[in-house]
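In case you want the letters, here they are:
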Amino acid sequence: MAATASAVQSVTLGDYAETWIMTRTNSKGEPLRIRTREEYQRLLNGPLAEFLPLMLGAISPARVRTWRSALMAEGNVTQTSRAYSLLSSIISTAVQDGIATSNPCQIKSGHSTTTGKAVKPPTDDELATMLKTITPEYRAIVIVAAVGGLRFGEATELRANSVNVECDDNGAVTAVRLSITQAVVKTATKGRLVGEPKSAAGVRTLAIFGEDAEILADHVQGKTGNALLFPAADGTSHLSQSTLWRHWNKARVAAGRKDLPFHGLRHYAGTRYAQAGATTSETMARLGHSSVKAAMRYQHSGNRDDELAARMSRRTKA
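So, a few notes on the structure that sits alongside this text. Every value quoted in this text rests on a predicted model; they were computed, and no experiment measured them. Residue positions are counted from 1 within each chain, in the order its sequence is given. The model is predicted, so local features are restricted to residues of pLDDT at least 70 and side-chain atom pairs to those at 80 or more, both for listing and for counting; the totals for chains, interfaces and linings are taken over all residues. The side-chain numbers reported here are obtained from all heavy atoms of the structure, hydrogens and water having been left aside.

1. Looking at the packing of aromatic side chains
Stage number 1. Aromatic rings from Phe, Tyr and Trp, taking only the six-membered ring of Trp, are treated as a pair when their centres fall within 6.5 Å; an angle between ring planes under 30 degrees marks them as stacked, one over 60 as edge-to-face, and anything in between as tilted. Under the criterion given, the structure shown has four aromatic pairs.
Stage number 2. Judged by centre distance (5.3 Å) and plane angle (75 degrees), the rings of Phe 51 and Trp 67 are edge-to-face. Of this pair, Phe 51 sits in the loop between α3 (34-45) and α4 (61-73) while Trp 67 sits in helix α4; the two residues are 16 residues apart in sequence, bridging distant segments of the chain.
Stage number 3. The interplanar angle of 90 degrees and the centroid separation of 6.0 Å between the aromatic rings of Phe 152 and Phe 262 together place this pair among those described as edge-to-face. Separated by 110 residues along the polypeptide, Phe 152 in helix α8 (residues 152-156) and Phe 262 in the loop between α10 (241-254) and α11 (264-275) bring together distant segments of the chain.
Stage number 4. Ring pairing ties together the aromatic residues Phe 152, Trp 248 and Phe 262, which thus form one cluster. Segments assigned H or I by DSSP are reported as helices when at least four residues long, segments assigned E as strands when at least two residues long, and all are numbered from the N terminus.

If you want it as structure tokens, here you go:
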């Protein structure tokens, strides 16, 4: 016990956190990805900075509550939740290592606080307007996001050899299958990097049919091998969000959805897939989610209330 007490008095959160980040592994036992490390470091140097010089044993539940309340009062809800979760995880490991006696992060639901601001996916008509309005060369990336449910980084790393176009005996396109194995990640220190998707579940193959498949097949035509499907102006670099934004903003404004982020198309994909009858696990597979909690954020009730209410209404005789 004396050795433990001595260790608690001699280790600051900053020193321990540095080692924690270096040795932390993900669910697959792999070192943390660079973007995750950068986000943790940002939180430590930002909202958690006041704790860094403190000895682990000096961080009390009361101090954590006071710190969290102050950040919440400033309106930094989501960032506060992430910082609180990181602090709790770090000290939890310190407890396991025997250099902290208890975890001061004891606030009920402190990990799950959100802004409560939900992304409203576009309606079918709004999406149609966006597809009609956006610059033709970017129509296909809207489709892979809204119908395929791809993240921006997954879409911009798609290459010609990631796409399989299927046709019938008459040469008409029947389906397009996308193989998602990698994604682009924008980092603060090393720029854009290509690596595995956000989670292991992100490696997947999905199909797109109908008119959407025809548009994709037309977009792929002439592209071969490792050529990017959605390159930057130079033809070889990855498309940036800022470049796409000018075209995307024009399309969403035309649809009356200036509030809709490009990522909102992924919410549309999750909602429509679920409404088509997909189970939660099937929707998770489609979107590349590794947890039910993540998948549920992308399923919305949509615009079927009248239809569903009519189905459940009692039929009475006059």
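On we go.
2. Quick word on α11
Stage number 1. Multiply 1.5 Å by the residue count of a helix minus one, and that product is the helix's expected span. For α11, spanning 12 residues, the distance from its first C-alpha to its last is 17 Å, which sits close to the expected 16 Å at 1.5 Å a residue.
Stage number 2. Where burial is concerned, most of α11 is hidden: nine out of the 12 residues are buried.
Stage number 3. Taken residue by residue, α11 has Gly 264, Leu 265, Arg 266, His 267, Tyr 268, Ala 269, Gly 270, Thr 271 and Gln 275 as its buried positions.
Stage number 4. Pairs of residues are marked as contacts when any of their non-hydrogen atoms sit within 4.5 Å. Turning to α11, the residues buried within the fold contact α6 (124-133), α7 (139-146), β5 (204-209), α10 and α12 (280-287).
Stage number 5. Gly 277, located one to two residues past α11, shows a positive phi value of around 115 degrees. Only protein chains enter the accessibility calculation, which uses a 1.4 Å probe; a residue is then buried when its area is under 20% of its type maximum, exposed when over 50%, and partly exposed in between.

3. Focus: the pattern of salt bridges
Stage number 1. By definition here, a salt bridge exists when the distance from a side-chain nitrogen of Lys or Arg to a carboxyl oxygen of Asp or Glu is within 4 Å. Overall, the coordinates contain 10 salt bridges when judged by the stated rule.
Stage number 2. A salt bridge links Glu 154 to Arg 151; its shortest N-O distance comes to 2.6 Å.
Stage number 3. Between Arg 257 and Asp 259 there is a salt bridge whose closest N-O contact spans 2.8 Å.
Stage number 4. Residue classification places Arg 257 among the buried residues on the basis of a relative accessible area of 3%.
Stage number 5. Here the salt bridges share partners, and the residues they tie into one network are Glu 126, Arg 257 and Asp 259.

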